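Chain by chain, the residues run as shown.
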Amino acid sequence: MTEQLPIAKALNLAMRDAMAADDSVLLMGEDIGDLGGVFRVTDGLKAEFGTGRVLDTPLAEAGIIGTAIGLAMRGYRPVCEIQFDGFVYPGFDQIVSQLAKMTNRHRGRQAFPVVVRIPHGGHIGAVEHHQESPEGYFAHTSGLRVVAPSTANDAYWMMRQAIESNDPVIFMEPKAKYWAKGEVSTEGAQYALHESVVAKQGTDVTLIGHSAMVHVLMQAAAIAENEGVSCEVVDVRSLSPLDYEPLVESLRKTGRCVVAQEAPGHVSLGSEIAATLQERCFYSLEAPVMRVSGFDAPFPPAQLEAVYLPDADRVLDAVDRVMAY
Amino acid sequence: MTQTRLLDVDGSEIRNTDNERWWSVADDLTDEQHVEMLRSMVLTRAFDTEAGNLQRQGKLGLWVPSIGQEGGQAGVAFAMRDQDTLFPSYREHLMVHQRGVRFEQIVDIFRGATHGGWDPAETRGARLYSLVIGTQSLHATGYAMGVRFDGASGTGDPEADEAVVVCYGDGASSQGDASEALIFAASYEAPVLFMVQNNKWAISVPSSVQSRTSLAQRASGFGVSAASVDGNDALASYVVSRAMLDAARSENAPQYLELDTYRIGAHTTSDDPTKYRSSDELESWKRRDPIERMRGFLRARGIGDDVFSAIDTEAKDVAAEIRRHTLGASTPSSDEIFDFVYTDANASLEEQKLALARFEASFGGDE
Ligand SMILES: Cc1ncc(C[n+]2csc(CCOP(=O)(O)OP(=O)(O)O)c2C)c(N)n1
Ligand SMILES: [Mg+2]
């Protein structure tokens, strides 16, 4: 079946299909039942599957992740919703010291198929703690898989694949794009969970990003095209493991590269990507790999978010700089 | 809250109106069972003492003694049924061993060979040790929620219904995870027993800093049934935890048991308890030793010295065996670093593993 769906509905459909296919899949989180979550991503699932499968949990993030670990030990496949990016930290220990290390501690004898869904990123004009991009912490943590879809079809399939994964998956959802529609085909997955994908072909500069940032890059690429600069956009759908092949291939072709992200740049995913690309593509580079990031400051009050978040203009400024070499 | 005790410090029976209902259970235990309990305590202490020696001789990186806490641990371990699951902290050597973990497997953690080392499927549900204080309370609660969701508890058949035991200490009781676990356990009616060994110290901090009420008293605020026992009285610990576990399994009612005990040894071999506690305090607790108490009880019941000396001989063998194991054990392969990070192959880790092999080979070693 193929239909136009917003990302939020694609995620909803993926969880629904996964729950219908496998009784061990459970949803856990704050307000995810009758309300359907504050973003309505789990809308209707409690009505369909009941309170035994959709758990409106106590308001305690460590409790949600910690009990999900115990449920996984028992054979369940919990999918946990964290209400907002900035509220994952009370559950941080249970994610990075427990969930991430459990398989290792068990020497691979037990799988921990837990998905932690985190709506992340800015552009929604919200109060403090509601617009952050904490994915770097999780990508830095061995034992976690970290993915971030940018399209509705990826939202559907990556959620299905994340739930099927036997390892814990941190699933970053582009909350600013929850209502952006795209074609979803439930016939079969186009890509494996951890593939990086060329979202738009080009020849002069490679633009790299993930999640909602991919939409900004596409916008920047369209503007650059009008000015005679051809941009290739690579969607890094998986932050850990990170599939470098399409990035390397693209950079060998273009020789120029801009990596963009909403998170602060210091010790960030963008830094890691830039470092790896210069190791692997040194002789192909015509210019240094440039990073465009949020500033190394707490996410500002909403009236300043447009200044803080990299937009197409800041990406294009970096494109100008790499083209000047 | 009254504390249940059946045996006095010398092992003589205390029978009164407060504990007569508990005696009615205890009186059904056979001497064979009593002797088994004593045996588990004596063997564990021998193991524990020898592991401490091995640490001092540089053969273990660290040791965590459980000396003085064997009574409550034996009581609860024997009260658990076959189908139950145990989430230990890191001091429950007797309990995990009773479920099927070999002493060697415990020592392997402390000689730095593994972070875990046993498979819960092979140890009658004894899960791995957990070092981040309090975290396992949530894992146990989640597991118990799963037991209930599976319909594996609450049928009313104690031979089949499952229950979960989670161990933590007075210090751990202050952790957010421990409170969240009580909340989840109560909300989801999870068949779990919180077994809290109040050994009076969290490293150097006395339990009065963790709580100004008894810990058991706290549980009622969470809507969890609670009780308190003399944790150096194996018999009392057995009867009370047996009843609580059966309530948990049959009624899906979480339970909280505070065991009043004392850590006779140092927190770990890195600790120096003389800096924070008095020798008077230590001596007074040594007089309440759980093993001597059980021995006194059994002697009064006419158990002969031959039984005790057979156990002591076995204990010497346990100590010798753990020494042999530790001195002869090998270093893990460096593959251990890479092989179990994910459940399947990870390209980046495979590359790193290869790079390490190439680096090591570059020294021209004998492959
Ligand atoms: C989260 C965390 N903080 C600190 C420590 C260091 N630490 C290890 S054991 C311990 C004391 C624990 O006391 P208690 O819970 O009473 O257990 P006991 O050691 O007495 O058995 C501390 C502070 C730790 N392991 N985890
Ligand atoms: Mg303590």
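Procedures and definitions
Residues numbered from 1 in each chain as written. Chains lettered and ligands numbered in written order. Predicted model: local features only at pLDDT ≥ 70, side-chain atom pairs only at ≥ 80, totals over all residues. Heavy atoms only, no water. Near = heavy atom within 4 Å. Polar contact = N/O pair within 3.5 Å; in protein donor to acceptor, adjacent residues only side chain to side chain. Nonpolar A, V, L, I, M, F, W, Y, C, P; charged D, E, K, R; others polar. Domains from an automatic or database assignment. Contact = heavy atoms within 4.5 Å. Buried area = accessible area lost by both parts, 1.4 Å probe. Salt bridge = Lys/Arg side-chain N within 4 Å of Asp/Glu carboxyl O. Helix = DSSP H or I, 4+ residues; strand = E, 2+ residues; numbered from the N terminus. Expected span 1.5 Å × (residues − 1). Buried < 20%, exposed > 50% of the residue type's maximum accessible area, 1.4 Å probe, protein only. Pairing = 2+ DSSP bridges. Axes fitted to C-alpha atoms, helices over the stretch in contact; angles between N-to-C directions. Donors = N, O, S within 2.8 Å, 3.2 Å for Na, K, Ca; no water. Disulfide = S-S within 2.5 Å.

Details of the site of ligand 1
All names here are of chain B.
Item 1. Residues in close proximity to ligand 1 total 15 residues, the closest being Tyr 90, Arg 91, Leu 131, Gly 171 and Ala 172.
Item 2. Asp 170 is positioned with one of its side-chain polar atoms (N or O) 3.0 Å from an oxygen atom of ligand 1.
Item 3. In the environment of ligand 1, an oxygen atom lies 2.8 Å from a nitrogen or oxygen atom belonging to the backbone of Ala 172.
Item 4. Here the residues of the shell around ligand 1 sort into eight nonpolar, five polar and two charged.

Describing the domain arrangement of chain A
Residue and element names in this part refer to chain A.
Item 1. Structurally, chain A comprises domain 1 (7–185) and domain 2 (197–323).
Item 2. Computed from C-alpha coordinates alone, the two centres of domain 1 and domain 2 are separated by 26 Å.
Item 3. If you look at the interface, domain 1 gives 24 residues, while domain 2 gives 19 residues.
Item 4. Carbon and sulfur atoms make up 53% of the surface buried where domain 1 meets domain 2, a total of about 1800 Å² over both sides.
Item 5. The largest share of the area that domain 1 buries against domain 2 comes from His 123, Ala 148 and Ser 150, three residues that together contribute 28% of it.
Item 6. The interface formed by domain 1 and domain 2 includes one salt bridge.

Considering the interface of chain A and chain B
A common measure of how large an interface is: the accessible area buried when the components associate.
Item 1. Between chain A and chain B, the residue contacts involve 41 residues of the former and 40 residues of the latter.
Item 2. Carbon and sulfur atoms supply 56% of the area that chain A and chain B bury against each other, a total of about 3200 Å² over both sides.
Item 3. By the criterion of area lost to chain B, the three top residues of chain A are A:Arg74, A:Arg105 and A:Arg107, representing 21% of everything that side buries.
Item 4. For the pair chain A and chain B, the interface holds six salt bridges.
Item 5. Of the charged contacts in the structure, one is a salt bridge between A:Arg74 and B:Glu162, with a shortest N-O distance of 2.8 Å.
Item 6. On inspection of chain A and its partner chain B, the count reaches 17 residue pairs in polar contact (both at pLDDT 80 or more).

Regarding helix 10 (residues 234–251) of chain B
All names here are of chain B.
Item 1. Counted at 1.5 Å a residue, the expected span for helix 10 with its 18 residues is 26 Å, and the 25 Å between its end C-alpha atoms agrees.
Item 2. With 15 of its 18 residues buried, helix 10 lies for the most part within the structure.
Item 3. Of the residues that open helix 10, the one with a side-chain oxygen 3.0 Å from the backbone nitrogen of Leu 235 is Asp 233.
Item 4. The first or second residue beyond helix 10 is Asn 252, which carries a positive phi of 50 degrees.

Some points on the sheet that holds strand 13 (residues 257–264) of chain A
Residues and elements named next belong to chain A.
Item 1. Taken together, five strands build an open sheet; the order of strands is 9-11-10-13-14 and the sheet is mixed. For this open sheet the edge positions go to strand 9 (197–200) and strand 14 (290–294), each flanked by a neighbour on one side alone. The sheet shows a mean angle of 25 degrees between the axes of neighbouring strands, direction not considered.
Item 2. Bridge count for strand 10 (residues 205–209) against strand 13 is three bridges, and the pairing is parallel. The residue bridging Thr 206 from the neighbouring strand is Cys 257, located in strand 13.
Item 3. The strands touched by helix 7 (residues 213–226) are strand 9, strand 10, strand 11 (231–235) and strand 13; relative to strand 11, the strand with the most contacts, the crossing angle is about 170 degrees.

Quick word on the coordination of the magnesium ion (ligand 2)
Residues and elements named next belong to chain B.
Item 1. Listed as protein donors to the magnesium ion (ligand 2) are Asp 170 (OD), Asn 199 (OD1) and Trp 201 (O); their distances from the metal cover 2.1 to 2.2 Å.
Item 2. Between consecutive donors of the magnesium ion (ligand 2), the numbers of intervening residues give the motif D-x28-N-x1-W. Taken as a pair, Asp 170 in the loop between strand 3 (164–169) and helix 7 (176–187) and Trp 201 in strand 5 (residues 201–202) lie far apart in primary sequence, 31 residues in all. Residue Asp 170 shares its accessibility class with Trp 201, and that shared class is buried.

Points about the environment of A:Leu26
Item 1. Along the chain, the position of A:Leu26 falls in strand 2 (residues 25–29).
Item 2. Sequence spacing of A:Leu26 and A:Gly52 is 26 residues, and the spatial spacing of their C-alpha atoms is 8.0 Å.
Item 3. Residues contacting A:Leu26, with those up to four places away along its chain left out, are A:Gly52, A:Arg53, A:Leu71, A:Tyr76, A:Arg77, A:Pro78, A:Val79 and B:Phe149.

Some remarks on the state of the cysteines
All names here are of chain A.
Item 1. Across all of its chains, the model carries zero disulfides over all chains by this definition.
Item 2. No disulfide involves Cys 257; its sulfur sits 8.3 Å from the nearest other cysteine sulfur, which is in Cys 281.
Item 3. For Cys 257, a relative accessible area of 1% gives the class buried.

Describing the environment of B:Lys353
Item 1. For B:Lys353, the location among the structural elements is in helix 15 (residues 347–361).
Item 2. Separated by 18 residues in sequence, B:Lys353 and B:Asp335 place their C-alpha atoms 7.5 Å apart.

A look at the sheet that holds strand 4 (residues 192–198) of chain B
All names here are of chain B.
Item 1. Across the sheet, which stays open at both edges, the six strands sit in the order 1-7-8-4-3-2 with parallel pairing between neighbours. Of all strands in the sheet, those bounded by a partner on one side alone are strand 1 (3–4) and strand 2 (85–87).
Item 2. With six bridges joining them, strand 7 (residues 225–230) and strand 8 (residues 255–260) adopt parallel strand pairing. From the neighbouring strand, Val 229 faces strand 8, where its bridge partner is Leu 259.
Item 3. Across the sheet, helix 7 lies against strand 3, strand 4 and strand 8, angled at about 150 degrees from strand 4, the strand it touches most.

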